[in-house]
Amino acid sequence: MIPRTIERVGGTICFIDQTLLPQRLEIVECTDIERLARAIRRLEVRGAPALGIAGAYGVALAAIQSEEEDLDAFLAEVSAAAASLRGTRPTAVNLGWGIDRVLAAVRGAGSIEAGKEAAVKGADAVAREDEETCRRIGANGAALLPENARVLTHCNAGALACATWGTALGVIRSAVEGGKTVSVTACETRPLLQGARLTAWELAAEKIPVRVITDATAAFLMRRGEIDCVVVGADRITDDAVFNKIGTYMHAVCARHHGIPFYVAAPLSTFDPGRSETDVTIEERGRDEVAAFNGKQTVPDGVGCTNYAFDATPLDLVSGIITEIGVLLPPYDPMPRLRHI
Ligand SMILES: CSC[C@H]1O[C@H](OP(=O)(O)O)[C@H](O)[C@@H]1O
């Protein structure tokens, strides 16, 4: 069984350092906000729901560690810590959602002691609800898969992107648990290889058939009739688009061209109602992630690289959005006003 991706043990946040997988499974014990911020920036902790949990626990950590005795000073200190975490990654809406949920509990508590207690309780609730939510998403999505499903997925929307179970991989786990035969084609997902390193690791550990392909192979397999459906995660869902790992849009276009269902699995906490694609900052990461591979230079000095971490898929390419309350089907206009749970 894969350990929980991120959890609280007393006053310590414990998380899997995903940059070391698949070679090494190491748990980081974190009691420092800046260390947590660095872990998020480095994708030691990654994946929208897991970022929500990390943000929530980061605010709780700041609250319980504060030595302020004045309420306003305490609130200012916790708010500053929240701001430092919020700025680590701009695209996944869950990070801000987890931060805001615990910050609201602290601000509404009325005293420092009550604020500390509310912070821990609130963050634990975010983590606990995530597991329940992923299992409901899994059950709702499993019903969409054929009895013998050949599923393509991109990046890692598995247990490692959540507290456990996963969203897109949660659909696959629930389908297998329900007796369906599922084989997974995992796109390696350049440049950080979340598909090759993480999705393949998760599924192989649970003996769910999985093969890894280069991202560019996906369309060819669709054309050859080897893919029954695509199931991916999401980092933010606006009224007109799904934001997910770079390459998702490419798969959506190809799936539509080949008449293959393209599903997005995401909790309500990933929805960003009232906002559109043009309102969202797409994270751009450093040149080094593209210009070298395994420490070996691949791009000549002086040649530029563009390294978007996410892209936007228009909702008209999405066959269904699998959530914990059911599957949203097109047309999505207007997008139901889904409340953040
Ligand atoms: C279950 S959401 C997972 C989502 O997060 C990933 O991005 P990153 O690895 O950069 O955190 C990717 O977009 C996945 O679909």
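Keep in mind that what you see is a predicted model, and the values were worked out from it rather than measured. (Residues numbered from 1 in each chain as written. Predicted model: local features only at pLDDT ≥ 70, side-chain atom pairs only at ≥ 80, totals over all residues. Heavy atoms only, no water.)

**Points about the overall build of the protein chain**
- Looking only at helices and strands, the protein chain features 10 helices and 15 strands.
- Projected onto its principal axes, the C-alpha coordinates of the protein chain cover approximately 65 × 50 × 40 Å.
- Counting only residues that meet the buried cut, the protein chain has 56% of its 341 residues in that class.
- Counted over contacts in the protein chain with a minimum sequence separation of 6, partners at least 24 positions apart contribute 74%.
- Here the protein chain has roughly 14,000 Å² of accessible surface; of this, 52% comes from carbon and sulfur atoms. (Helix = DSSP H or I, 4+ residues; strand = E, 2+ residues; numbered from the N terminus. Buried < 20%, exposed > 50% of the residue type's maximum accessible area, 1.4 Å probe, protein only. Contact = heavy atoms within 4.5 Å. Areas by Shrake-Rupley, 256 points an atom, 1.4 Å probe, with all protein chains shown as cover.)

**Examining the UniProt feature "binding site: substrate" (unreviewed entry) in the protein chain**
- With numbering aligned to this structure, UniProt lists the feature "binding site: substrate" (unreviewed entry) at R46, G47, A48, R89, Q194, N244 and K245.
- Looking at where A48 falls in the secondary structure, it is placed in helix α2 (residues 48–65).
- With residues near it in sequence (within four places) discarded, A48 still touches A92, N94, A161, A234 and D235.
- Structurally, R89 can be placed in the loop between α3 (71–86) and α4 (93–107).
- For R89, the contacting residues outside a window of four places in its chain are I40, L43, R46, L51, L95, K245, E283, R285, A309 and F310. (UniProt positions renumbered as here; feature names shortened; annotations may be inferred.)

**Quick word on the site of the ligand**
- Neighbouring residues of the ligand: 18 residues in total, closest R46, R89, D235, N244 and K245.
- Here K245 contributes a side-chain N or O atom positioned 2.7 Å from an oxygen atom of the ligand.
- For the ligand, the protein covers 100% of the area, taking 400 Å² as the surface of the free molecule.
- For the shell around the ligand, the elements supplying multiple residues, two or more each, are α2 and β9 (241–245).
- Taken together, the residues that form the shell around the ligand break down as 8 nonpolar, 6 polar and 4 charged.
- Each of domain 1 (6–135) and domain 2 (143–338) accounts for three or more of the residues forming the shell around the ligand. (Near = heavy atom within 4 Å. Polar contact = N/O pair within 3.5 Å; in protein donor to acceptor, adjacent residues only side chain to side chain. Nonpolar A, V, L, I, M, F, W, Y, C, P; charged D, E, K, R; others polar. Domains from an automatic or database assignment.)

**Brief notes about the domain arrangement of the protein chain**
- You can read the domains of the protein chain as domain 1 (6–135) and domain 2 (143–338).
- If you average the C-alpha positions of domain 1 and of domain 2, the two centres end up 25 Å apart.
- Domain 1 puts 28 residues into the contact, and the matching count from domain 2 is 35 residues.
- Of all residues in domain 1, the largest losses of buried area upon contact with domain 2 belong to R46, T91 and V93, amounting jointly to 23% of the total for that side.
- Inspection of the region where domain 1 meets domain 2 yields 1 salt bridge.
- Two residues, E283 and R89, come together in a salt bridge whose shortest N-O distance is 3.0 Å.
- If you look at where domain 1 meets domain 2, you find 15 residue pairs in polar contact (both at pLDDT 80 or more). (Buried area = accessible area lost by both parts, 1.4 Å probe. Salt bridge = Lys/Arg side-chain N within 4 Å of Asp/Glu carboxyl O.)

**Side note on helix α9 (residues 248–257)**
- Residues of α9 that are buried include every one of T248, H251, A252, C254 and A255, and no others.
- Count one or two residues on from α9 and you reach G259, which has phi positive near 65°.

**Details of the environment of T5**
- Note that T5 resides in the segment before β1 (6–9).
- The class for T5 is buried, based on a relative accessible area of 1%.
- Through-space distance from the C-alpha of T5 to that of Q18 is 8.9 Å; in sequence the pair is 13 residues apart.
- Beyond its immediate chain neighbours, meaning those up to four positions away, T5 contacts C14, F15, I16, Q18, A50, A159, L160, C162 and A163.
- A polar atom in the side chain of T5 sits 2.6 Å from the backbone oxygen of A159.

**A short note on the packing of aromatic side chains**
- One pass over the full model with this rule turns up 0 aromatic pairs.
- Residue placement shows R135 over the ring face of W165; its charged tip is 3.8 Å from the ring centre.
- The lysine or arginine in question, K245, covers the ring of F310, its NZ or CZ lying 4.1 Å from the ring centre. (Phe/Tyr/Trp six-rings, centres within 6.5 Å; stacked < 30°, edge-to-face > 60°. Lys NZ or Arg CZ within 6 Å of the ring centre and 35° of its normal.)

**So, unusual backbone geometry**
- For the bond from R190 to P191, the omega torsion is 0°, close enough to zero to count as cis.
- Tracing the sequence through the fold places P191 in the loop between β5 (181–187) and α7 (194–205).
- Between P330 and the following residue, P331, the backbone shows a cis peptide bond with an omega angle of 0°.
- One can find P331 in the segment after β15 (326–328).
- Phi is positive for L43, which is not a glycine, with a value near 60°.
- Position of L43 among the secondary structure elements: in the loop between α1 (33–41) and α2.
- Residue classification places L43 among the buried positions, given a relative accessible area of 6%.

**Brief notes about a negative patch on the surface**
- Judged by side-chain charge, E67, E68, E69, D70, D72 and E77 come together as a negatively charged surface patch.
- Tracing the chain through its elements places E77 in helix α3.
- Residue class for E77 comes out partly exposed when judged on its relative accessible area of 33%. (Patch = residues over 30% accessible without salt bridge, like charges linked within 9 Å, V, L, I, M, F, W, Y side chains within 5 Å. Lys, Arg positive; Asp, Glu negative; His and termini not counted. Charge placed at Lys NZ, Arg CZ, Asp CG, Glu CD.)

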